[in-house]
Amino acid sequence: MSRTLFRNAMVFDGTGAEPFPADVLVEGQRIRTIARTPGQLNADGATIIDAHGRTLMPGLVEGHAHISFGGAVNDKDLGDIPPEEHVLLTMRNAKTLLDHGFTSAYSAATSKLRLDVVIRNEVNAGRLPGPRIRAASPEITVTAGLGDERKKHMHYESFGMIADGEVEMARVVRLCCREGVDNIKINISGDDLGPLARGGITTMRESEVRTAVEVAKDFGKKVNCHARAANSVKRAVKCGVDVIYHCESADEEALDMVESVKDRVFVGPAIGIIYGTIHDGEPWFSKEFALEIGMQRVIDDSLKVYTEFRKRGVRALIGGDYGFIQSPQGTNARDLKHFVDLLGYSPSEALVCGTKHGGQVMEMGHELGLVKEGYLADLLLVGADPLKHIEKMVDEDNLHVIMKDGALYKDIAKAALQQEKAA
Ligand SMILES: [Zn+2]
């Protein structure tokens, strides 16, 4: 059994507790011992990594992953990518996520039905580098909803699968289950970046949402939804959706409803793309356009809503729709800083959203998302104090060690040593 000993680490364990100095021994896939008194652990046969006081923390969990999205300006661009290129793009994105410290990815949606599934299977089989993946369905939507890009005279593909009425909804959800997804995604509201239904419109009927959830539960799957309008959030809670994304227009009644199921549901603001559309949209989106379609309003409303969620103990996830041109894949950890700057979270609270809550939404909260004895050894050794400089989590050069499942994926000290030897 392989053994790795981290000596002299400052452990941020993912619970939000103050970091503490410790030695951490990994055996096989798991964290065997955390010794708060340094120098106590038997290092026989272990690879020793001297942390020199650097922060050892859980691997990040991308809570709104779109592994198959890459560089799209419009949703329709994803439909234009041929399947063969799309597999390769998704494969590269999976590696990019792991390179940037994301050892797990909870997929919000894929853009062609089997993309998440096939990459998850390849990663699990050890044939491709990538995070642990919970694979999602495409964005299941209704005619005229977010993801329906067709015109009366012309067919278009995007990231959507269209299902109208209970019969079609049941069939489409079953199809996704048959093809191996772990999560079903439904678009209950529209979106201000989309061409048709705006974010304030609730497009999916209650009977359709209820059918999607019923069928998904029968197959043991989780359900994610896109819900911006207050009504869409209420519909999601009422029908038993597990992960409710966006929510910025939630009113008092919607907030109360979400709070009433806080032990069961997660929320995710997906704020990265909104910020990106305003500040990194040029030349594809002008700042004027971003403001005209209400991107700053989304940020302002999200601050109010997520301040309430935080006070009420509703668990939030990081992940900001990375994979569009204004929110490139690999910059996903920017969300941590956005949670602090835009939504009022402390750095420690933001990191909990990216670690502990992530482990829970993966349905592995008993063994993933914390630095804890017996837990899976998904670990990062960070060359900056994330509680003081959370923005430094974005730069892969600051991730000195990346361990997934007890295996060292990256160790810069070892890489430097090998380079020296070669020279
Ligand atoms: Zn999304």
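Bear in mind the structure is a predicted one, so any value in this text is a computation, not a measurement. Starting from 1, residues in each chain are numbered consecutively following that chain's sequence as written. Selection of residues for local features in this predicted model requires a pLDDT of at least 70, selection of side-chain atom pairs for listing and counting requires 80 or more, and totals for whole chains, interfaces and linings are taken over all residues. To obtain the side-chain values, all non-hydrogen atoms of the structure were included, while hydrogens and water were left out.

Student: For this particular structure, what's the right way to read the environment of Lys 234?
Tutor: Numbering of helices and strands runs from the N terminus; a helix is a DSSP stretch of H or I covering at least four residues, while a strand is a stretch of E covering at least two. Within the secondary structure layout, Lys 234 lies in helix α6 (residues 230–239). Through-space distance from the C-alpha of Lys 234 to that of Ala 250 is 8.3 Å; in sequence the pair is 16 residues apart. Residue contacts follow a heavy-atom distance rule, with two residues in contact if any of their heavy atoms lie within 4.5 Å. Setting aside anything within four residues of it in sequence, one finds Lys 234 in contact with Asp 251, Glu 253, Ala 254 and Met 257. The definition of a polar contact used here is a pair of N or O atoms within 3.5 Å, where within protein one atom must be able to donate a hydrogen and the other to accept one, and adjacent residues in sequence count solely through side-chain atom pairs. At 3.0 Å, the side chain of Lys 234 and the side chain of Asp 251 are in polar contact.

Student: Looking at this model, I keep getting lost on the sheet that holds strand β6 (residues 60–65). Mind explaining?
Tutor: Remark on secondary structure: sheet strands pair via backbone hydrogen bonds, oriented parallel or antiparallel. For two strands to be treated as a pair, DSSP must find at least two bridges joining them. The three strands lie next to each other as β6-β7-β8, forming an open sheet whose pairing is parallel. A strand with exactly one partner marks an edge of an open sheet, and here the two such strands are β6 and β8 (132–134). Strand-to-strand twist in this sheet, taken as the mean axis angle between neighbours without regard to direction, amounts to 15°. As defined by bridge partners, strand β7 (residues 102–107) adjoins β8 across three bridges and the pair is classed as parallel. Orientation is described by axes fitted as lines to C-alpha atoms, over the contacting stretch for helices, and by angles from 0 to 180 degrees between their N-to-C directions.

Student: What am I meant to see in the packing of helix α8 (residues 272–279) against helix α10 (residues 295–311) here?
Tutor: Between two packed helices, what matters for the description is the angle formed by their axes and the separation of those axes. Between α8 and α10, the shortest axis-to-axis distance is 9 Å and the interhelical angle comes to 140°. Considered as vectors, α8 and α10 are oriented oblique to each other. Read as a crossing pair, α8 and α10 show a hand that is left-handed. Across from Ile 274, Tyr 275, Thr 277 and Ile 278 in α8, the residues of α10 making contact are Met 295, Gln 296, Val 298 and Ile 299. Of the residues assigned to the contact of α8 with α10, the class counts are six nonpolar, two polar and no charged. Here is the rule for angles: anything less than 35 degrees is roughly parallel, anything more than 145 is roughly antiparallel, 65 through 115 is roughly perpendicular, and the remaining ranges are oblique. For any pair of crossing helices, the crossing counts as left-handed if the nearer helix is rotated counterclockwise from the farther one by less than a right angle, and right-handed if it is rotated clockwise. Residue polarity is assigned by list, with Asp, Glu, Lys and Arg as charged and Ala, Val, Leu, Ile, Met, Phe, Trp, Tyr, Cys and Pro as nonpolar; anything else, Gly included, falls into the polar class.

Student: Can you walk me through the sheet that holds strand β9 (residues 136–141) in this structure?
Tutor: Strand order in the open sheet made by the six strands is β10-β9-β11-β12-β13-β14, with parallel pairing throughout. Across the chains shown, the open sheet's two edge strands, defined by having one partner strand only, are β10 (160–162) and β14 (266–268). On average, adjacent strands in this sheet sit at an angle of 30° to one another, irrespective of strand direction. Pairing analysis gives three bridges linking β9 to β10, with the strands arranged parallel. In the sheet register, Glu 139 faces β10, and the bridge partner there is Gly 160.

Read these as layout, nothing more, since geometry by itself doesn't imply function.
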